[in-house]
Amino acid sequence: MIDIGEAQRQVLEEIPVLGTERIHILEALGRVLAQDVTSSRNVPMCKNSAMDGYACRHEDLVGTTLQTPARLRLVGESPAGKPYRETVGAGEAVRITTGGVIPPGADTVVMVENTELQDQFVAIFAAPPKGAHIRDAGEDVKAGELVLSQGTVVRPPEVGMLATLGHAYVHVFQRPIVAILSTGDELVDLDEPLTEGKVVCSNSYSLAAQVTECGGIPISLGMCSDDGEEQQQRLYQGLRADVIVTSGGVSVGKYDLVQDSLSQVGVNVKFWKVAMKPGKPLVFGTIGNKPVFGLPGNPTSAMTSFEQFVRPALLKMMGHTRLFRPTMEAVLAEDVPSEPGRLHLVRCALFEENGQTMARSTGTQSSGALRSMVLADGLMIVPPVEGGFSRGAKVKVQLLHSNAPLVASSPFW
Ligand code: AMP
Ligand code: MG
C-alpha cells in the first residue's frame, strides 16, 4: 500500500503529453496552447478616441473655463471606422466617437459632456490635459510582442485576443480518448430490468462525465462480467484509446479478476492499493506508453480515485501544468473520526458562519453511497490521526467543482 501523494507522483511520471492539432478558436475553449502567439500588428492599429467628443488642438483650449469657453469651428467628423483624413487646423474641431481615428493635427479629445454645439461651432467649457482621451497605437499590444505563450489555457479572454490578432485557427494539445470498461456480474444498463441483486451500472456514466468534464473524450467498452477471458477481450478493444479506465473487480474477492486480466493483456502493473478511503484497491499500470487505471467498483470510490489519479493524468496529457483541484481551509462544524492507517477523503459541504467557511459531512461516507457525493462541494482531507478531529479544528478541503464553494455574499456588495 502506498500513500496518495506517492501514488500520484508515480502515475504522473508515466504520463506522456499528447501531440498537437490545429483547431478553430471557437473550439479552443479550455484547451492548452501548443504554440506561442506573437502579434504581427499593433493593437489598436492607430491612435483613436477613448470618448465620444471633439478632437482638436490643445493650444486652442488655453484659458478655457466655464465662464470663458473656447469656441472652435466644426469642420467634420471621424466616427469609428470612417476616419477624417484632413488636418485639423488652428481653431478647428472634428466630432469623434469612441474608437474613431484621431485626425492629423489633433492632439486632444474633449468629452462631449463638456461641450455644447452651437451651429457650426462647438463651445468647450473645460480643457482636459494635452493628449486626453487618446488611445495610442499599440497601447494594448505592440507588433512583434509575445502575447500568449505555449501552455496557456484558453479561456474567453484568450479567444478574444486570438481573434484580435487575426488568428482563426490555433495549435493546441490533443484531447485523450479514454476507454471505459465496467466490470461486474451484477451490472445492468439503464434500459435493462433491474431484478433482485442487480445494480445499475452508474460508473460507465459518472466516469464518462468526469472524463468529459476535464476535457477528455470518453468511449465506452460497455459492461462485462467477472470473467477473465471476456475482460481480456474487452481490454484488447480498449488498446485503440489513449487511456484505459476500468471499474470493479480489483479488490481481494474471489471474482476480482481485473488485475490478472490487465497483466494477461500485457499491462505492466506499477502499483496496487493506495492508503486512502474511499478508493483503496486501485491498480495502476501501463501498456506501451498508455496509462491503465483499474478503479474500484464502488461508485464513490471510483469517482474519488478518478479525481486523484485519472484527472491529473488526463490534464497532463492535454498539456496542462496545473493539474490539481484547489484546496481551501475550513473549520469543522462537527467532530470527524479519522481512519487508521489511511487518509480519509470525507465528502463535505461548505457553508459560511460568522465570516468563516465551515465544513460538514454530507452524510454516510460508505464507499458505495453516491448521495453524499452528489451533495458534496469538496473532499475534506483527514489524515490518520489518533482520535480524529474535533469540531472547531481546521481542515483542508479539496474543492470538487469549478463553481464551488458558492458563498452567501457577493464580493461586489
Ligand atoms: P467491486 O469493486 O467489483 O468489488 O464492486 C464493489 C461494489 O461496487 C459492489 O457493490 C458493486 O456492485 C458496485 N459496482 C461495481 N461496479 C459498478 C458500476 N459499474 N456501477 C455501479 N456500481 C458498481
Ligand atoms: Mg465486482
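Rules of the game
Residues numbered from 1 in each chain as written. Chains lettered and ligands numbered in written order. Predicted model: local features only at pLDDT ≥ 70, side-chain atom pairs only at ≥ 80, totals over all residues. Heavy atoms only, no water. Phe/Tyr/Trp six-rings, centres within 6.5 Å; stacked < 30°, edge-to-face > 60°. Helix = DSSP H or I, 4+ residues; strand = E, 2+ residues; numbered from the N terminus. Buried < 20%, exposed > 50% of the residue type's maximum accessible area, 1.4 Å probe, protein only. Contact = heavy atoms within 4.5 Å. Patch = residues over 30% accessible without salt bridge, like charges linked within 9 Å, V, L, I, M, F, W, Y side chains within 5 Å. Areas by Shrake-Rupley, 256 points an atom, 1.4 Å probe, with all protein chains shown as cover. Salt bridge = Lys/Arg side-chain N within 4 Å of Asp/Glu carboxyl O. Pairing = 2+ DSSP bridges. Axes fitted to C-alpha atoms, helices over the stretch in contact; angles between N-to-C directions. Domains from an automatic or database assignment. Parallel < 35°, antiparallel > 145°, perpendicular 65-115°, else oblique. Left-handed = near helix turned anticlockwise from the far one by under 90°. Core = buried A, V, L, I, M, F, W, Y, C linked by side-chain atoms within 4.5 Å. pLDDT = per-residue confidence, 0-100.

A closer look at the packing of aromatic side chains
In this structure the tally under the stated criterion is 2 aromatic pairs. For the pair F271 and F284, a centre-to-centre distance of 5.6 Å together with 35 degrees between the ring planes defines the contact as tilted. Here F271 is found in strand β18 (residues 268-272), whereas its partner F284 is found in strand β20 (residues 283-287), with 13 residues between them in sequence. For F284, a relative accessible area of 0% puts it in the buried group. Taken together, F271, F284 and F293 form an aromatic cluster joined through their ring pairs.

Some remarks on the environment of L207
Here L207 shows up in helix α3 (residues 203-213). Put simply, L207 and E307 are 100 residues apart on the chain and 9.9 Å apart in space, counted from C-alpha to C-alpha. When sequence neighbours within four positions are dropped, the list of residues in contact with L207 reads I180, V245, S247, L295, A302 and F306.

Description of a nonpolar patch on the surface
A cluster of nonpolar side chains, contributed by L190, L194, V200 and Y205, occupies part of the molecular surface with about 390 Å² of accessible area. Considering the arrangement of structural elements, one finds L190 in the loop between β14 (187-188) and β15 (199-200).

Regarding the sheet that holds strand β13 (residues 177-183)
Taken in spatial order, the 6 strands line up as β16-β13-β17-β21-β20-β18 in an open sheet, and their pairing is mixed. Every interior strand has two partners, whereas the edge strands, β16 (217-224) and β18, have only one. Neighbour-to-neighbour, the strand axes of the sheet open up by a mean angle of 20 degrees, direction not taken into account. With 4 bridges connecting them, strand β17 (residues 243-247) and strand β21 (residues 290-295) associate as parallel partners. Each bridged residue has a counterpart across the sheet, and for I244 the counterpart in β21 is V292.

Some details on the domain arrangement of the protein
Partitioning the protein into structural domains gives domain 1 (4-18 + 177-317), domain 2 (20-43 + 139-173), domain 3 (48-135) and domain 4 (327-399). Each of domain 3 and domain 4 has a C-alpha centre, and the two are 63 Å apart.

Description of the pairing of strand β4 (residues 53-56)
Inspection of the sheet shows β4 paired to strand β6 (residues 92-96) by 4 bridges, in the antiparallel sense. Residue pairing in the sheet places C56 in a bridge with A93 of β6. Pairing of β4 with strand β7 (residues 108-111), which is carried by 4 bridges, proceeds in the antiparallel orientation. Residue pairing across strands places A55 opposite V109, the latter belonging to β7.

With respect to the packing of helix α1 (residues 4-13) against helix α6 (residues 299-317)
One way to put it is that α1 packs onto α6 with a least axis distance of 10 Å and a crossing angle of 30 degrees. Accordingly, the angle class assigned to the pair α1 and α6 is roughly parallel. Note that α1 runs across α6; the crossing there is right-handed. Contacts between α1 and α6 involve I4, A7, Q8, V11 and L12 from the first element and Q308, F309, P312, A313 and K316 from the second.

Digging into the sheet that holds β4
Pairing in this open sheet of 6 strands is mixed, and the strands run β7-β4-β6-β5-β9-β8 from one edge to the other. Only two strands of the sheet have a single neighbouring strand rather than two, namely β7 and β8 (115-118). Within the sheet, the average angular offset between the axes of one strand and its neighbour, ignoring direction, is 40 degrees.

Regarding the nonpolar core
V11, V245, V274, F293, L295, F309 and L314 are the most contacted members of the largest nonpolar core, which totals 37 residues. Looking at this core, the elements that each hand over two or more residues are α1, β13, α3, β17, β21, α6 and β23 (343-353). Two domains share this core, each providing at least three of its residues, namely domain 1 (4-18 + 177-317) and domain 4 (327-399). With residues near it in sequence (within four places) discarded, V274 still touches M1, I2, D3, I4, A7, K280, L282 and F309.

Topic: the confidence of the model for the protein
Scored by pLDDT, the protein has a mean of 95; 97% of the residues are at 70 or more. Below pLDDT 50 for its whole length, residues 403-410 participates in 8 contacts with residues either more than four positions away or in separate chains.

Focus on the pattern of salt bridges
Counted according to the given criterion, the structure contains 14 salt bridges. Of the charged contacts, one joins E13 and R9 as a salt bridge, the two residues approaching to 2.8 Å between their closest N and O atoms. Highlighted residues: E13 and R9, both in helix α1, separated by 4 residues, approximately one helical turn. Taking relative accessible area as the criterion, R9 reaches 45% and is therefore assigned partly exposed. Put simply, E339 and R342 hold a salt bridge, and the shortest N to O gap is 3.9 Å. We classify E339 as buried; its relative accessible area is 19%. Look at the salt bridges and you will find they share partners, linking E6, R9 and E13 into a network.

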